[in-house]
Amino acid sequence: MSEPVAATAIGPMVLAAVEQYEPVQRRLVDDDLACAFLPAGLRAFTRATRWSVARRLLIQATERSGPGLWANLTCRKRYIGDKLTQALPNIDAVVILGAGLDTKGYRLARHSTVPVFEVDLPVNIERKRSVVRAALGAVPESVHLVPVDFEHDDLAAELTRCGHRREHRTFFIWEGVTQYLSADGVASTFEFLSSAAPGSRLAFTYVRSDFVDGTNRYGADSLYRRFRVRSQLWRFGLDPDRVAAFIEPYGWQLVEQAGPDYLTGHYIAPAGRKLTASQVEWTAYAKKR
Ligand SMILES: C[S@@+](CC[C@H](N)C(=O)[O-])C[C@H]1O[C@@H](n2cnc3c(N)ncnc32)[C@H](O)[C@@H]1O
């Protein structure tokens, strides 16, 4: 992928794919399509982790470069998937903002006709189309691919053009994206979200603002150097204590947040995994008034 920000779509799916080799009761996220959506070279790499020793070495290496990220990236997918499953009877559409190579929409299309709109940069939307064709034969009828740059394009107009209806109660997913945007890009996306139908849901992740501004590294120095010093790809952050007040003016009420304690209590400990979740990234879940 040419643009560094577009290439960030791959990482979370490698972790999800590798997790599928864990025995069911130890697995942090279920995703039988994850491996098929990866580029060919990474599919082969992932298959090598069917041996538990290789998997342990990979997890250890990932933990050295970003302590806690293995747990966060896999458990945030599990958390958002659980919330979507619970909300499904009461929603009319799903919009995945910054979908990357995520497979949720395609797993949903196996048993539901609810329309799914996957939004990402044009380069990633084209890539997703060919990945899906190669893996599944065709893009399912219920899934719509929407090319949008959150920084510059009219998200509302593009979604409408692709068939999304503003009056539909929509489950919005914005996973692993806000940190890559400018404050203006986040604000304009929330402006769009302010017109969502009452009863809509929003699950979004964010990086802590004190990590982004360098006040607290939370033991993740190499992560800080990679995303804030060398690439400067992470630009936006929020304080968990201020999330409710941040989204309220846009008409969204915070329901709960999944920080490291939540992920440990709900997913990591019950699976018997010896992993620590990171303070750096949190997931917020909200409902539209
Ligand atoms: C870390 S990936 C997360 C992908 C997916 N949500 C997941 O969690 O597996 C970030 C995604 O946000 C997209 N993205 C970043 N900046 C964007 C922008 N300005 N407009 C649209 N998409 C953007 C990237 O292309 C990438 O697919």
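Above this text you will find the structure in question.
Residues numbered from 1 in each chain as written. Predicted model: local features only at pLDDT ≥ 70, side-chain atom pairs only at ≥ 80, totals over all residues. Heavy atoms only, no water.

Engineer: Talk me through the pattern of salt bridges; I want residue IDs and the actual numbers.
Structural biologist: For side chains bearing opposite charge, pairing can occur when the charged atoms are close. By the definition in use, this model includes 24 salt bridges. When the shortest N-O distance is used, the salt bridge between D102 and K77 registers 2.7 Å. A residue pair is termed long-range when its members are at least 10 positions apart, and D102 in the loop between β1 (93–97) and α6 (104–108) and K77 in helix α5 (residues 69–87) qualify at 25 residues. Comparing D102 with K77, the two get one shared label, buried. Where D92 meets R169, a salt bridge forms, and the shortest distance between an N and an O atom there is 3.1 Å. Taken together, the positions of D92 in the loop between α5 and β1 and R169 in the loop between α8 (155–161) and β4 (170–174) put the pair 77 residues apart, joining distant regions of the chain. For R169, a relative accessible area of 30% corresponds to the partly exposed category. One network of salt bridges, with partners in common, ties together R76, K77, D102, K104, E175 and E281. (Salt bridge = Lys/Arg side-chain N within 4 Å of Asp/Glu carboxyl O. Helix = DSSP H or I, 4+ residues; strand = E, 2+ residues; numbered from the N terminus. Buried < 20%, exposed > 50% of the residue type's maximum accessible area, 1.4 Å probe, protein only.)

Engineer: So, the packing of aromatic side chains: which residues are in play, and what are the values?
Structural biologist: Enumeration over the complete set of coordinates arrives at 17 aromatic pairs. Summarising the aromatic geometry, the rings of F150 and W174 are spaced 6.3 Å apart at their centres and angled 75 degrees between planes, so their arrangement reads as edge-to-face. One end of the pair, F150, is in the loop between β3 (143–147) and α8; the other, W174, is in strand β4, with 24 residues separating them in the sequence. Classification of W174 by relative accessible area gives buried; the value is 0%. What links up through ring pairs into an aromatic cluster is the set F150, W174, F190, F204, Y206, F236, F246 and Y250. Taking the ring centre of W51 as reference, the NZ or CZ of R50 above it sits at 4.4 Å. A cation over an aromatic ring shows up here: R217 above the ring of Y224, its NZ or CZ 3.9 Å from the ring centre. (Phe/Tyr/Trp six-rings, centres within 6.5 Å; stacked < 30°, edge-to-face > 60°. Lys NZ or Arg CZ within 6 Å of the ring centre and 35° of its normal.)

Fair warning: the whole summary comes from geometry, so function is off the table for now.
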